[in-house]
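# Notes for the structure review
Spelled out, the chains give:
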Amino acid sequence: MEVSTLKKMIDVLSICEDVMVEKTDLIIDGNALYYFLYYTSDPKLDQRCGGDYPGFKHEVCKFFKTLQDCEVNPYVILDGGSGPEKHKKNVSRLKYKLKKAKTIAETEPDGTLPEGYNVLPPLVKDVFLEILKEEKIEFEVCLGEADPEVVSKANQEQCAVLSIDKDFYIFDVHKGFLNLHNFEWKKEEDGKIPAKIYTHSKFCEHFKLDPALMPVFASIAGNDYSNLEDNDIFANKSSSPGESSIKRLDGMLGFLSEVNLDGLNDSRKRERALSEALKYVGKKENQTFKFAIERYVEPEKNKKQPSSKLPPWVCKKVEHGELTSFATSVVGQKTMMLTPLVEDFSQRSSYQAAYRIRQYFYGLLTGDKITEYDRNGENIKHYHVRPIPPSSHEQKQLKLQCLTEDERRRVFEEALEVQTSVLENIPNQLKLPVYVTVFWFKSLQQHHCLHALLLWFVCKPDGPEDEFERKMKVLNDEGVSNWKPCVAHAFSQWQCCMRQSLHLNQLLLSPLPEPQFARLYCGPLLHRLADGDTIEEVQKTLRGEKKKLYENLKTVCNPSPGEGSSVLRVEVPSTGERSSGMSSSSEEGWEQVANNNKSQKKGKKKRATREKADK
């Protein structure tokens, strides 16, 4: 049941009521909101060059400022992760996202994309959480899916829900559901936002449907857990005009309204209605439909409880948005879904650039192998990854809070193979991004992309304007007309390293200062900068402290050959060397590469010692 189909049917039938939203509490589905704001911004935010986080921040802040002007008090609830029951669906979604990412990469900048072809840049959720904290917006991150918590909180507070999730058409939200597509916050006037509100009761009244059967309707119409293949039998039953998908839903609702429910309680009503519907299309009963129905019945019972494998301090940090919710998937399900990015699809997945960092992240959480789902060519495949275990007992037991800051920093240094001592002259806000840039550049050697990043680090768009800032603004406003796959790929690799390093730093209780996430990356500007002539032009406008900082950054990130030659580099095998479900021989290959590099490093040290002795 596509949300567009159900929404279209509800809109055509005028089931929703026009309202003016003001002076009220509001429960917001956080994931739905950040997707919606990124995809519907005007002007459109970049997806092709890796994202525009400063632009996204501007859009989000405008949204919450509008709510404040209308005396709307938001409470934002975000997903933590889905359970194993949605694994198959999640893999299917990865495949669809891969198709969308590849289409965006291959479409000309002025070309037209199919409707719904959007790809979310990798740091959007992290930026969104940062904005909520900065703007002092109340929020929580669930350890599982947010839907049950959203419904429970809305009914407890007696207020409406704001989302785009089709499930809120099914849940009984007492004060109604506001679909973001009909929530016209940019048309606010006199402290009121025009919107349309949907109520469960009005929908049931229109179709003469017993409210107890709404979960049955959802389970057979199709959701993340079940879908009834009926070969248009229900569509043929409908007398409603319109497209086949709407006729199908109308036919189902008409059928369910005719089932004899006399003398039955709500639970038995659902059992009978499901049985009759399956019988009508010649299908047998199975647990899939019953499971799908149960998640809509008493949603508060479906709230995910903290995993017994995670210590309370980790759960608390996830709930407060201080630690990525990926931690719950790694510990609970031993999986990591690596969402496809817009990159050069002739090269290996950008996520491989951060492979080593993820190994350390997994090693702090669990000693078990993790199954990663990532792009291999133009397909999604899974690989088994062996974590790099921590060296001390406290780390093994996830008692990281017992370690000193220096001990936690050493773990971070070991993962990224960079010494913090080289960052002494770098401002705190830039320490972690520079750390990541050194790690990224060691293996990739993308000089134009490196200088583009360093110039961006020096830029202060909100500070006093000078010739350098004016030049950067002009470049950003011009946009990208000549998109280069190799540049997109290099920046995509950098973002993968950046995100995984941010999450590792969070897990280590931030031994390095957290940077401002919204200032980390601006894709269109960086793509314009990643050109030799442009870099030279911009460098000439640097003066004073900015020029000094830029020179320091260049020294740290791109040392002379002698300075950087002894750094251990763990190369990632090509995708051709990995099979679906990384075999033990493949894993040994990873380790062999690391061991060879260590041997080379030791060999260089021995030769240097002998040469010194000869002198």
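Right, let's walk through the structure included here. Predicted model, so just to flag it, every value in this text is computed and none were measured.

Strand order in the open sheet formed by seven strands is S1-S7-S6-S5-S2-S3-S4, with mixed pairing between adjacent strands. Two strands lie at the open edges of the sheet, namely strand S1 (17-21) and strand S4 (138-141), each paired on one side alone. This sheet shows a mean twist of 35° between the axes of neighbouring strands, independent of strand direction. As judged from the three bridges shared by strand S2 (residues 24-29) and strand S5 (residues 160-163), these two strands associate in the parallel manner. Bridge pairing in S5 links Leu26 to Ala160.

Turning to helix H11 (residues 266-280), a few remarks are in order. Owing to its 3.6 residues per turn, the α-helix brings residues three or four apart onto one side. End to end, H11 covers 21 Å across 15 residues, agreeing with the expected 21 Å (1.5 Å per residue, within 8%). Three or more residues of H11 are buried, namely Lys269, Arg270, Ala273, Leu274, Ala277 and Leu278. For H11, the angular spread of buried residues about the axis comes to 155°, placing them on one side. Directly after H11, the chain includes Gly282, whose backbone phi takes a positive value near 75°.

Turning next to empty space enclosed by the protein. Considering all chains together, one arrives at two cavities of 30 Å³ or more under this definition. Along the walls of the largest cavity sit 17 residues, with Gln47, Gly50, Pro122, Leu341 and Val342 positioned nearest its centre. A class-by-class count of the residues in the lining of the largest cavity yields 10 nonpolar, six polar and one charged.

Take the packing of helix H8 (residues 214-221) against helix H10 (residues 244-258) next. Remark: H8 packs on H10, axes separated minimally by 11 Å, with the N-to-C direction vectors making an angle of 140°. Considering the angle they form, H8 stands oblique to H10. The crossing of H8 and H10 is right-handed. Of H10, the residues touching H8 (which contributes Val216, Phe217, Ile220 and Ala221) are Arg248, Leu249, Met252, Leu253 and Leu256. Broken down by class, the residue content of the contact of H8 with H10 amounts to eight nonpolar, no polar and one charged.

The full count for this structure, using the stated rule, is 26 aromatic pairs. Ring geometry for Tyr34 versus Phe128: centroids 5.4 Å apart, planes at 55°, classification tilted. Of the two residues, Tyr34 sits in helix H2 (residues 30-40) while Phe128 sits in helix H5 (residues 124-134), which places them 94 residues apart along the sequence. Like Tyr34, the residue Phe128 is buried in the burial classification. On the basis of an interplanar angle of 85° and a centroid distance of 6.1 Å, the ring pair of Tyr96 and Tyr117 is categorised as edge-to-face. Remark: Tyr117 occurs in the loop between helix H4 (87-106) and H5 and Tyr96 occurs in helix H4; sequence separation between them is 21 residues. Of the residues examined, Tyr96 reaches a relative accessible area of 40% and is grouped as partly exposed. Among the aromatic residues, those joined into a cluster by ring pairs are Phe168, Tyr169, Phe171, Phe177, Tyr198, Phe203, Phe207, Phe217 and Tyr296.

The rules behind these values
- Residues numbered from 1 in each chain as written.
- Predicted model: local features only at pLDDT ≥ 70, side-chain atom pairs only at ≥ 80, totals over all residues.
- Heavy atoms only, no water.
- Pairing = 2+ DSSP bridges.
- Helix = DSSP H or I, 4+ residues; strand = E, 2+ residues; numbered from the N terminus.
- Axes fitted to C-alpha atoms, helices over the stretch in contact; angles between N-to-C directions.
- Expected span 1.5 Å × (residues − 1).
- Buried < 20%, exposed > 50% of the residue type's maximum accessible area, 1.4 Å probe, protein only.
- Arc of directions from axis to C-beta.
- 1 Å grid on protein atoms, 1.4 Å probe; cavity = no way out; pocket = protein on both sides within 12 Å on 5 of 7 lines; lining within 4 Å.
- Points joined across faces, edges and corners; volume = space filled by probe spheres on them.
- Nonpolar A, V, L, I, M, F, W, Y, C, P; charged D, E, K, R; others polar.
- Parallel < 35°, antiparallel > 145°, perpendicular 65-115°, else oblique.
- Left-handed = near helix turned anticlockwise from the far one by under 90°.
- Contact = heavy atoms within 4.5 Å.
- Phe/Tyr/Trp six-rings, centres within 6.5 Å; stacked < 30°, edge-to-face > 60°.

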